[in-house]
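In case you want the letters, here they are:
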Amino acid sequence: QVQLVESGGGLVQAGGSLRLSCAVSRSTFIYNVMGWYRQAPGTQRELVATISSTGSTNYADSVKGRFTISRDGAKNTVFLQMNSLKPEDTAVYYCNYFLLDTDYWGQGMRVTVSS
């Protein structure tokens, strides 16, 4: 059973920063991808950023240059450093772990950016 434990969400003013963390209960040498998705009210869940176990990263155009994804392999933890936050970044953020054709999801954290 894979469990994802998220932390770091909250309320911040526009222009501020937040750092999200997600720890995965299971470590492996098998190729996997960790990432963050978000869902604003009335919209579909969308990709924010992903990072593979080989270090390849992928970002949504809307966050390029502002957000940075990283991972600590030893602790099987993924981080999302969010800078220059905008009100449109307000959403519930979900951690994702993709391993052997299976998606695992965190419970979600609310990030609210006030103008």
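See the structure shown above.
About the criteria used
- Residues numbered from 1 in each chain as written.
- Predicted model: local features only at pLDDT ≥ 70, side-chain atom pairs only at ≥ 80, totals over all residues.
- Heavy atoms only, no water.
- Phe/Tyr/Trp six-rings, centres within 6.5 Å; stacked < 30°, edge-to-face > 60°.
- Helix = DSSP H or I, 4+ residues; strand = E, 2+ residues; numbered from the N terminus.
- Buried < 20%, exposed > 50% of the residue type's maximum accessible area, 1.4 Å probe, protein only.
- Core = buried A, V, L, I, M, F, W, Y, C linked by side-chain atoms within 4.5 Å.
- Contact = heavy atoms within 4.5 Å.
- Pairing = 2+ DSSP bridges.
- Axes fitted to C-alpha atoms, helices over the stretch in contact; angles between N-to-C directions.

K.L.:
Now, about the packing of aromatic side chains: what can you tell me, with residues and values included?
P.N.:
Taken as a whole, this structure holds two aromatic pairs when the rule is applied. Between Tyr37 and Trp105 the ring centres are 5.2 Å apart and the planes differ by 70 degrees, which places this aromatic pair in the edge-to-face class. Of this pair, Tyr37 sits in strand S4 (residues 32-39) while Trp105 sits in strand S10 (residues 102-105), and the two are 68 residues apart along the sequence. Judged by relative accessible area, which is 36%, Trp105 ranks as partly exposed. Between Tyr97 and Tyr104 the ring centres are 6.2 Å apart and the planes differ by 40 degrees, which places this aromatic pair in the tilted class. When its relative accessible area of 22% is taken as the criterion, Tyr104 is described as partly exposed.

K.L.:
I'd love a proper account of the nonpolar core, names of residues and values included.
P.N.:
Judged by nonpolar contacts, the single largest core of 29 residues is most densely connected at Trp36, Leu80, Met82 and Tyr93. Those elements giving two or more residues to this core turn out to be strand S3 (18-24), S4, strand S5 (46-52), strand S7 (67-72), strand S8 (77-82), strand S9 (91-99) and strand S11 (109-114). Ranked by residues supplied to this core, first place goes to S9 with five residues. In contact with Leu80, not counting residues within four places along its chain, are Leu18, Arg19, Leu20, Trp36, Val48, Ala49, Phe67, Thr68, Ile69 and Tyr93.

K.L.:
Outline unusual backbone geometry, listing residues and values.
P.N.:
If you check the backbone angles, Leu100 has positive phi at about 50 degrees while not being a glycine. Along the chain, Leu100 falls in the loop between S9 and S10. Judged by relative accessible area, which is 54%, Leu100 ranks as exposed.

K.L.:
Describe the sheet that holds S3, naming the residues involved and giving the relevant values.
P.N.:
Reading across from one edge, S1-S3-S8-S7 is the order of the four strands in this open sheet, with antiparallel pairing throughout. Each end of this open sheet is capped by a strand with a single partner; those strands are strand S1 (4-7) and S7. Adjacent strand axes in the sheet meet at a mean angle of 15 degrees, parallel and antiparallel pairs treated alike. When S7 meets S8, the two strands line up antiparallel, connected through six bridges. From the neighbouring strand, Arg71 faces S8, where its bridge partner is Val78.

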